[in-house]
Amino acid sequence: MTALLDQTDVETLDATAVNAATRRQPLYAPRKKIFPKAVSGSFRRFKWLVMLVTLGIYYLTPWLRWDRGPYAPDQAVLVDLANRRFYFFFIEIWPQEFFIVAGLLVMAGFGLFLVTSTVGRAWCGYTCPQTVWVDLFLAVERFFEGDRNARIRLDQAPMSARKLSLRVAKHATWLVIAVATGGAWIFYFADAPALVRDFATGEAAPVAYITVAVLTATTYVFGGLMREQVCTYMCPWPRIQAAMLDESSLTVTYNDWRGEPRSRHAKKAAAAGQPVGDCVDCNACVAVCPMGIDIREGQQLECITCALCIDACDSVMDKIGRERGLISYATLADYNANMAVATAGGATAIDPARVRANDGRLLPGLAHFHLKKLFRPRTFVYFAVWSLVGVGLLYALLTRDRLEVNVLHDRNPQYVLLSDGSIRNGYTVKLLNKIPEPRTLVVTLEGLEGATMSALGVEAEEGRSFSVAVEPDRLKTLKVYVRQPAEAIAGAGAAESFRFVVADKSSFETDSYVASFEAPESRR
Amino acid sequence: MSEKEIDDVSGVATTGHEWDGIKELNNPLPRWWVWTFYATIIWALGYTIAYPAWPMISSATRGVLGYSSRGDIRAALDAAEAAKGDYVAAVSQKSVSEILADDKLREFATAAGAAAFKVNCVQCHGSGATGSPGYPNLNDDEWLWGGKPEDIYKTISHGVRFAADDATRISEMPAFGAILDTAQIRQAAAHVASLSGTPSNAEAAAAGAAVFAANCASCHGADGKGNREFGAPNLTDAIWLYGSGEAAIAAQIRAPHHGVMPAWTARLGDTAVKELAVYVYSLGGGE
C-alpha cells in the first residue's frame, strides 16, 4: 500500500478554477484568462478524430461533384437560392417540398433528446462548432506559445520582440482559419470552383464578401477571443440540455465516494491512520479544463463534458497505481448508489475503505456503467419517435411526384357565354417538371362529356387533349379554356367536376387535378 | 443625499430610491453597454449631419449626402423602367400579332396590358372584362368590330363613335320609332328574337320577316348575321349587348343606344394600346 501511494512522479499543478460556482466572477469584472494544459488519452484522441471528421465535412462538402446531366448543377450539396432549388446528392428539393427539411429539424430535435438523455451533453463536448473551433484555435495557440505554464509566463511578461512575434503569428493563423471558415460557407450557395475564381478576382457578388467578412469576424472573436464565455453566457443550449438530463444520463462525474478525502500527502495521512481517498489533489483536471472549472465541485452549467479531465485524471491514476475512473462518465443513479456504500447510507463521512480493498482495488458490487443501462423506456420512446419521423420522411421522399399539375379556376369571370350558346371556363394550369430533363407532357380532359379545350400559346386543334413541352426543372404556366356546348350544359346539375390529367408518355408518370366547371343557373 | 448608503447583502451602494422597503442598487452598467450607448450618440449626431434631420422654419436640413426618400423612389422607378426597357422597345416596334407569337413578349405585354386595363378600362368593361348591358363582354367570341389582334388594336386605338378621332369606328342604327309603327316594331322584334332561337311570338315573328327584309337586312344581312363593315351586330347568336328578349329588342329598334368608347392612343400612347390589345386578345375570345 505504501508503494501504491508513492506519488513522487505526480506533479501537483498550481491551477485554480476561474469559473467555479463558489468563485464565479461578478459580471462587471474582466474575464480571467484560461490556459488549458495539453492532455493525452483516449477521449483526447476521439476528440481529434471528431474534429477531423466534422471540419473535413464542413470544408470539403462543397467540392464534391455529382452528375445530374446537362440541365442541373453538378455540385453534390448546393443551396441554390436564386433558382430556389436545394440539391443534396441524388435528392433535389423544390420550395414546396421544404417540409422534408422541417422533418429533418424534428428529427434533429428528437435526436438531441435521445443523445442527451443517454450520453448527456455530448453535442457540447464533441461536435458543437464552438467547441471544435476553440479546440482548433487552442492547438494553434499551443503550437506557437507552448503549453500552459509557458503561456502563463508569456502572458505575464512585458511586451517584447519575441512576445510580439508569437502573438502576431498566433493571431494571423487564427485569422487564416477564420477566413477559410467563412469562405467555406459561401461555397454551399453557388458553384464552388466558379465562385472561388470570382472571389479571388474580385468579381463575386458583394453578398459573398460580406458573408465571408461576417463569418471571419465571428469565428475569430468566438473561437479565439471569447471561447468559453460563448458557452457560459451566450448559449441557451446548456440550459436546455440540462433540463433533458435525468439520473440515468451519463455525465462527466468526479467520483468523490472513492476520491475523498483528498490529500497531497497521502502517505503521511495514511500513516497517521486517517482515511485517504484516491484524489491526490494534483489539480490536473482543473489545469486541462477549457472551461476553467473544477469538476470535483460536481456537475455544473459550465461543464461541456469534453471529458479531457477524465484523460488527465486517468493518467495520474495510472502513475500512482490506482484504478482508472476517479473522474468518469457516470450516471447520477450509479453515483448515488456508490456514495451510499461509501458513507454507509449517509450515516458517516466518506470512508474510501468501504469501497476499496487494502491493495487499492475497488470492491466488487459497486455500480458501474453498462451499455444496457442506455435502454430504458425514455430512450426507447425517443428512438421510436425519431425513427418514425425518419421512416415517414423517407417514404415521402421516395414516393413524391416528380411531375405535378396544379389548377386554378378563373374567379372573374367564372364562366363566359359564347355566341353559339356554349359556355367557356378559364383555368390557370401549372405544370411542374421536377426533373432536370426537358419533357413533353400531354394534358387531357377526363369527364365533362362533350367539352373541348384550348391553351393560349399552344399550337393545337381544339380538342380533348394537347401536348406541350416543358423546360427541365421548371414550371410551365398555361392559360387553358374549356368549352362545353349548350346542349351538354342544359340538364346538368350543379357545377360539374372533372379532371385535368397530365402524363409523360415516355416515363409513364401521371398526375391529375380535380377542377370544376361553372355555368349560369339559367342554363341548368 | 449626503452619504452613500451601502446595501448589506451585496455591498453595493444604493441609489436612495425606495419602494415599499425595496431599495434600488446602484450597480454600474456593463461597460460594453455604456460604450455602445456612447457610440449610438455619436452615430446619431453624424446621421443628422449626413441625412435630412433638423427641422428649420420652412423645411428641414438637407443632409450632406443629399438623400431624399422621393429621390429614392424616383431612382427605383427609373430602375424599373430601365429593367423593362428592352421589352418596351420590342413592343413599340412589333405589331400585335408579332408580339402574340413571341412567348416572352406576349407574357410581358399581357401583364402590362392587364395593369393598364385595370386603370383605364374596368370602369365600363368591369374588372373581369365581362362588361354589362351596353358595354361589351371582352371574354366572349362575339366581336362587333372584329376579334383579330389588329382589329382589337384598331378599336382601342381609335375608339368607337369618338368624335375627336377621324379614324374612329362608327355605325349608327336609325331610330325606327320614327319610321315604323308600333306593330311593325313588335313584329320585327319577334322575328329578330326568333333568329337566335329565343322564345318569341311565332305569329308576329312570321309577319316580322317582311319588316326585317325591308328595313334591317341592308345592314344586318338577309340572314341577320350582321356585317362588321357597318358595325352591324350578328342577331342570330346568343349574345345581346343591350339585352335579349322581345321587349329589349323592340326598345333598341325604336330608339337605339349608341355606345361610345374613347380613342386611347392619344391618351396612353401606342405601346400601351398594343399591350391592351394583347391582353384583351388573351382573354380567350380572340379570333
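Under an unreviewed UniProt entry, the name given to chain B is Cbb3-type cytochrome c oxidase subunit, and the source organism is Prosthecomicrobium pneumaticum. For chain B, the Sequence similarities (unreviewed entry) comment in UniProt is given as "Belongs to the CcoP / FixP family." Per its UniProt entry, chain B bears the Function (unreviewed entry) comment "C-type cytochrome. Part of the cbb3-type cytochrome c oxidase complex. FixP subunit is required for transferring electrons from donor cytochrome c via its heme groups to FixO subunit. From there, electrons are shuttled to the catalytic binuclear center of FixN subunit where oxygen reduction takes place. The complex also functions as a proton pump."

Chain A is annotated in an unreviewed UniProt entry as Cytochrome c oxidase accessory protein FixG from Prosthecomicrobium pneumaticum.

Novice: Requested: an account of the overall build of chain B, with residues and values cited.
Specialist: Along chain B, the regular secondary structure elements total 13 helices and two strands. Taking 19 Å as the expected radius of gyration for a compact globule of 287 residues, we find that chain B reaches 36 Å, considerably beyond that expectation. For the C-alpha atoms alone, the extent of chain B along its principal axes is close to 120 × 55 × 40 Å. Buried positions account for 29% of the 287 residues belonging to chain B. Looking at chain B alone, contacts between residues at least 24 apart form 55% of all its contacts between residues at least 6 apart.

Novice: How would you explain the sheet that holds strand S9 (residues 439-446) of chain A if you had to name every residue and give the values?
Specialist: Residues and elements named next belong to chain A. Spatial strand order, S11-S9-S13-S14: four strands in an open sheet with antiparallel pairing. Since the sheet does not close on itself, it has two edges, and those belong to strand S11 (465-470) and strand S14 (509-517), each with one partner. Here the strands of the sheet are splayed against their neighbours by 25° on average, with no regard to which way each runs.

Novice: With reference to specific residues and values, describe the UniProt feature "transmembrane region" (unreviewed entry) in chain A.
Specialist: Residue and element names in this part refer to chain A. Residues annotated in UniProt with the feature "transmembrane region" (unreviewed entry) correspond here to residues 46-66, 86-115, 172-190, 206-225 and 380-398. As a span, residues 46-66 carries 71% helix and 0% strand, and end to end its C-alpha atoms are 31 Å apart. Split by type, residues 172-190 is 79% helix and 0% strand. Its first and last C-alpha atoms lie 28 Å apart.

Novice: Lay out the domain arrangement of chain B with the relevant residues and their values.
Specialist: Residues and elements named next belong to chain B. One can read the domain layout of chain B as domain 1 (1-67), domain 2 (85-168 + 260-281) and domain 3 (176-254). Summarising the inter-unit geometry, the C-alpha centres of domain 2 and domain 3 are found 30 Å apart. Facing eight residues of domain 2, the contacting portion of domain 3 comprises nine residues. Among the residues forming the side of domain 2 that touches domain 3, the class breakdown is four nonpolar, two polar and two charged.

Novice: Could you give an account of the interface of chain B and chain A, naming the residues involved and the relevant values?
Specialist: Contacts between chain B and chain A engage 18 residues on the former and 16 residues on the latter. Its residues placed into classes, the side of chain B that touches chain A shows four nonpolar, eight polar and six charged.

Novice: Residues and numbers for the sheet that holds strand S1 (residues 77-80) of chain A, please.
Specialist: Residues and elements named next belong to chain A. Pairing within the open sheet is antiparallel, and its three strands lie in the order S1-S2-S3. Strands at the two margins of the open sheet, each flanked by one partner only, are S1 and strand S3 (91-93). Direction aside, neighbouring strands of the sheet carry axes that sit 10° apart on average. Pairing analysis gives three bridges linking strand S2 (residues 85-88) to S3, with the strands arranged antiparallel. Among the inter-strand pairings, Phe86 is bridged to a residue of S3, identified as Ile93.

Novice: Lay out the UniProt feature "domain: Cytochrome c" (unreviewed entry) in chain B with the relevant residues and their values.
Specialist: Residues and elements named next belong to chain B. Mapped onto this numbering, the UniProt entry annotates "domain: Cytochrome c" (unreviewed entry) at residues 108-196 and 203-284. With 46% helix and 0% strand, the stretch residues 108-196 has end C-alpha atoms that lie 39 Å from each other. Structurally, residues 203-284 comprises 51% helix and 0% strand, and the distance from its first C-alpha atom to its last is 39 Å.

Novice: Talk me through helix H7 (residues 149-158) of chain B; I want residue IDs and the actual numbers.
Specialist: All names here are of chain B. Burial within H7 is extensive, with nine of its ten residues counted as buried. Of the residues making up H7, those classed as buried are Pro149, Asp151, Ile152, Tyr153, Lys154, Thr155, Ile156, Ser157 and His158. Those residues of H7 hidden inside the fold are in contact with helix H4 (96-101), helix H12 (265-268) and helix H13 (270-281). The positive-phi residue at the C-terminal boundary of H7 is Gly159, with phi of around 80°.

Novice: Please provide a residue-by-residue account of unusual backbone geometry, values included.
Specialist: Residues and elements named next belong to chain A. The linkage connecting Glu260 with the following residue, Pro261, adopts the cis geometry, with an omega of -10°. The topology assignment puts Pro261 in the loop between helix H11 (256-259) and helix H12 (266-271). The peptide bond linking Asn412 to Pro413 adopts the cis configuration, its omega dihedral lying at 0°. Residue position: Pro413 is located in the loop between strand S6 (403-409) and strand S7 (416-417). The backbone of Asn283 shows a phi angle near 65°, a positive value even though the residue is not glycine. Its place among the elements puts Asn283 in the loop between H12 and helix H13 (284-288). What makes Asn283 buried here is the crowd of 20 C-beta atoms within 10 Å.

Novice: So what about the domain arrangement of chain A? Which residues, and what values?
Specialist: Residues and elements named next belong to chain A. Domain boundaries in chain A define domain 1 (41-60 + 128-243), domain 2 (247-343) and domain 3 (403-523). Its C-alpha centre places domain 1 at a distance of 32 Å from the equivalent point of domain 2. At the junction of the two partners, domain 1 supplies 14 residues and domain 2 supplies 14 residues. Of the residues in the side of domain 1 that touches domain 2, the class split is six nonpolar, four polar and four charged.

Novice: Describe the pairing of S14 of chain A, listing the residues and the values that go with them.
Specialist: Residue and element names in this part refer to chain A. Sheet topology places strand S13 (residues 496-504) next to S14; nine bridges connect them, and they run antiparallel. In the strand pairing of S14, Phe500 is matched with Tyr513. Taking the residues between adjacent antiparallel strands as the criterion, S13 and S14 are bridged by four residues, where Phe508 takes a positive phi near 60°.

Novice: I'd like a description of the packing of helix H3 (residues 85-93) of chain B against H13 of chain B, backed by residues and values.
Specialist: Residue and element names in this part refer to chain B. The interhelical angle for the contact between H3 and H13, taken along N-to-C directions, is 85°, at an axis separation of 9 Å. Judged on the interaxial angle alone, H13 and H3 are roughly perpendicular. Each of Val88, Val91 and Ser92 in H3 lies in contact with H13, whose residues at this interface are Asp270, Thr271, Lys274 and Glu275. Looking at the contact of H3 with H13 residue by residue, the classes come out as two nonpolar, two polar and three charged.

Novice: Would you mind going over the nonpolar core in detail, with residue names and values included?
Specialist: For soluble globular proteins, nonpolar side chains are generally found buried alongside one another. Judged by nonpolar contacts, the single largest core of 47 residues is most densely connected at Cys285, Val288, Leu308, Cys309, Ala312, Cys313 and Ile327 of chain A. Elements supplying a minimum of two residues to this core: helix H4 (129-145), helix H6 (161-186), strand S4 (250-254), H13 and helix H14 (308-320) of chain A. Apart from the residues within four sequence positions on either side, Leu308 of chain A is in contact with Val39, Phe43, Arg44, Val288 and Cys289 of chain A. Judged by nonpolar contacts, the second largest core, of 29 residues, contains Leu445, Leu448 and Phe500 of chain A together with Ile239 of chain B.

Novice: Got a sec to walk through helix H15 (residues 332-342) of chain A? Specific residues and values, please.
Specialist: Residue and element names in this part refer to chain A. Considered for burial, the residues of H15 that qualify are Asp334, Tyr335, Asn338 and Ala342. Buried residues of H15 fall within an arc of 100° about the axis and therefore sit on the same side. Among the structural elements, S4, H11 and strand S5 (327-331) are those in contact with the buried residues of H15. Just downstream of H15 lies Ala344, where phi reads positive at about 55°.

Novice: Go over the packing of H3 of chain B against helix H5 (residues 103-120) of chain B, please, and point to the residues and values.
Specialist: Residues and elements named next belong to chain B. Contact pair H3 / H5: the axes reach a minimum separation of 10 Å and the direction vectors enclose 95°. Our classification of the angle between H3 and H5 gives roughly perpendicular. Of the residues in H5, those touching H3 at Tyr87, Ala90 and Val91 are Leu105, Phe108 and Ala109. Grouping the constituent residues of the contact of H3 with H5 by class yields six nonpolar, no polar and no charged.

Novice: Please give an account of the environment of Gln130 of chain A that cites residues and values.
Specialist: With respect to the secondary-structure elements, Gln130 of chain A resides in helix H4. Judged by local crowding, Gln130 of chain A falls into the buried class, with 20 C-beta atoms found within 10 Å.

Novice: Mind laying out the environment of Thr331 of chain A, listing which residues take part and the relevant values?
Specialist: All names here are of chain A. With respect to the helices, strands and loops of the structure, Thr331 is situated in strand S5. Judged by the 22 C-beta atoms lying within 10 Å of it, Thr331 falls in the buried class. Remark: the alpha-carbon pair of Thr331 and Arg227, spanning 104 residues in sequence, is separated by 28 Å.

Parameters at a glance
Going along each chain's sequence as written, the residues are numbered from 1 onward. By the order in which they are written, chains take letters starting at A while ligands take numbers starting at 1. Side-chain atom pairs in this predicted model are given and counted only at pLDDT of 80 or more, local residue features only at pLDDT of at least 70, and totals for whole chains, interfaces and linings cover all residues. UniProt positions are given in the numbering used here, feature names are shortened, and annotations may be inferred rather than shown by experiment. A run of H or I in DSSP counts as a helix once it spans at least four residues, and a run of E counts as a strand once it spans at least two, with each numbered from the N terminus. Our radius of gyration is a C-alpha quantity, and the globule rule it is checked against amounts to 2.2 Å times the number of residues to the power 0.38. Partly exposed residues are those whose C-beta has more than 12 but fewer than 20 other C-beta atoms within 10 Å; 20 or more makes a residue buried and 12 or fewer makes it exposed, with C-beta atoms placed from the backbone. Residues are defined as contacting one another if the C-beta atoms placed from their backbone atoms lie within 7 Å. DSSP-based pairing: two strands are paired if at least 2 bridges between them are found. Note on definitions: angles span 0 to 180 degrees between N-to-C directions of axes, and those axes are lines fitted to C-alpha atoms, for helices only across the stretch in contact. Note that the domain bounds reflect an automated or database-derived domain assignment. Under the grouping applied here, Gly and all other residues not named as nonpolar or charged are polar, the nonpolar ones being Ala, Val, Leu, Ile, Met, Phe, Trp, Tyr, Cys and Pro and the charged ones Asp, Glu, Lys and Arg. Working definition: roughly parallel below 35 degrees, roughly antiparallel above 145 degrees, roughly perpendicular at 65 to 115 degrees, and oblique for all remaining angles. Only buried Ala, Val, Leu, Ile, Met, Phe, Trp, Tyr and Cys residues enter a nonpolar core, and they are joined through C-beta atoms within 7 Å. Directions are taken from the helix axis to each C-beta atom, and the arc is the one they span.

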